[in-house]
Amino acid sequence: MTVPTVSLIEGDGIGPEITAATVRAVEAAGSQLAWERVDAGAGAVARHGDPLPAATLASIQRTRLALKAPLATPSGGGYRSVNVTLRQHFDLYANVRPARTMAGVPSRFTGVDLVIVRENTEDLYAGIEHYVDPRRTAAESIAVITRFGSERVIVYAFEYARRHGRRKVTLVHKANILKMSNGLFLETGREVATRYPDIEFDDMIVDATAMKLVIAPERFDVIVTMNLFGDILSDLAAGLIGGLGVAPAANIGAAPTAPGAPADPSERACAMFEAVHGTAPDIAGKGIANPTGLMLSAAMLLEHVEQGEAAARLRAGIAAALASPETRTGDLGGRASTEQFTDAVIRAMVAGNA
Ligand code: NAD
């Protein structure tokens, strides 16, 4: 088996602490990965004068795989968000956010197990905006939806459903009002769905979806939607399972342009995995951060490189450590440090293997 190399970005704030914990747990899960440590974020500005050094881009370009801890982004002014730059540079068009309730993570619901696949490059976030008049009394933002962009993310959602044994894809839109842009997304979805007769397909208006998500979240399986609705609904879904602190994410890049072409590593789709939360500057350096979000992102990475057994072991270890009050971190009402939580994850994996 070839051992995949992962570009590892330790990030800012609690980043280095949760990265060290995650690497330890991933290795103990029996994974076969080689780490290539690269720099980005505020720390990289201090060390290299650049939040996204060329060596970091070159590493991801080569490995096509990244595990990234959170990066500090200055608000209003300062440098451009590294997260946005990475997304655009590698054309990471699908943002995948699973939301699953876990024993030990306080939430209002049980039995939530859904995945939101958000289109990551188009819609209102294409950044096409202008003031209508010189006095700036009115402004316009343009939502761009293309058949190409819609098709590739919807195909990704169906392929994801198939690969992960999921039964249904729900396409979320507002095509009753936005008849052309959202109508195009819906029409493309209906066409793509005919290629996947083994997966159930339905569609739902976004406002009705928001209500149904908080009334009966167990009704949903895979949701695919456009950028703006996906941004909002994926945080809503994280709220259903106890907040952003434990939520993982994947950003998936464009597939090779020539299907069936010889497997040239430089043509492989790029994929970047990250926790959803930020750098948590208020608790950085204290050794108390919860590494669950990054560990679950690493489990998604392992599945992506077809190391499903190691991913399953890691998930089981995390579940066991979360289930016990003594091994939970402070954000979840426990008293364990990052290291004690990680030790518990590893102990559970070792016990599971025995
Ligand atoms: P945040 O997620 O960093 O923190 C919000 C609250 O949640 C804080 O009280 C924090 O202590 C807590 N928290 C977050 N993660 C935790 C964890 N793993 N364990 C325990 N507690 C945790 O959000 P913020 O304060 O709005 O942002 C701080 C910085 O992070 C900003 O610079 C922002 O731009 C950046 N950020 C980066 C990313 C990313 O790189 N993907 C995402 C969001 C925010």
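Since this is a predicted model, take the numbers as computed values, not measurements.

Caption draft 1: Spotlight on unusual backbone geometry. Positioned with a positive phi, arginine 136 is a non-glycine residue whose angle comes to about 55°. Summarising the element assignment, arginine 136 is placed in the loop between strand 6 (123-131) and strand 7 (139-144). The phi angle at glutamate 306 is positive, at roughly 60°, despite the residue not being glycine. Here glutamate 306 is to be found in the loop between helix 9 (292-304) and helix 10 (308-323). Residue class for glutamate 306 comes out exposed when judged on its relative accessible area of 73%.

Caption draft 2: How the structure looks around the pattern of salt bridges. One pass over the full model with this rule turns up 21 salt bridges. Here glutamate 36 and arginine 62 are joined by a salt bridge, their closest N and O atoms 2.5 Å apart. Separated by 26 residues along the polypeptide, glutamate 36 in strand 2 (residues 34-38) and arginine 62 in helix 3 (residues 54-63) bring together distant segments of the chain. Measuring nitrogen to oxygen at the nearest pair gives 3.1 Å for the salt bridge that ties arginine 315 to glutamate 303. Of the two residues, arginine 315 is situated in helix 10 and glutamate 303 in helix 9; the sequence distance between them amounts to 12 residues. The class for arginine 315 is partly exposed, based on a relative accessible area of 23%.

Caption draft 3: Here's a closer look at the pairing of strand 10 (residues 222-225). Along strand 10, one buried face is formed by Val222 and Val224 and the opposite face, lined by Ile223 and Thr225, is buried too. As defined by bridge partners, strand 5 (residues 113-119) adjoins strand 10 across 4 bridges and the pair is classed as parallel. Looking across to strand 10, one finds that arginine 118 is bridged to threonine 225. Strand direction decides the pairing type here: strand 8 (residues 168-173) and strand 10, joined by 4 bridges, are parallel. Counted as the bridge partner of valine 169 is valine 222 from strand 10.

What counts and how
Residues numbered from 1 in each chain as written. Predicted model: local features only at pLDDT ≥ 70, side-chain atom pairs only at ≥ 80, totals over all residues. Heavy atoms only, no water. Helix = DSSP H or I, 4+ residues; strand = E, 2+ residues; numbered from the N terminus. Buried < 20%, exposed > 50% of the residue type's maximum accessible area, 1.4 Å probe, protein only. Salt bridge = Lys/Arg side-chain N within 4 Å of Asp/Glu carboxyl O. Pairing = 2+ DSSP bridges.

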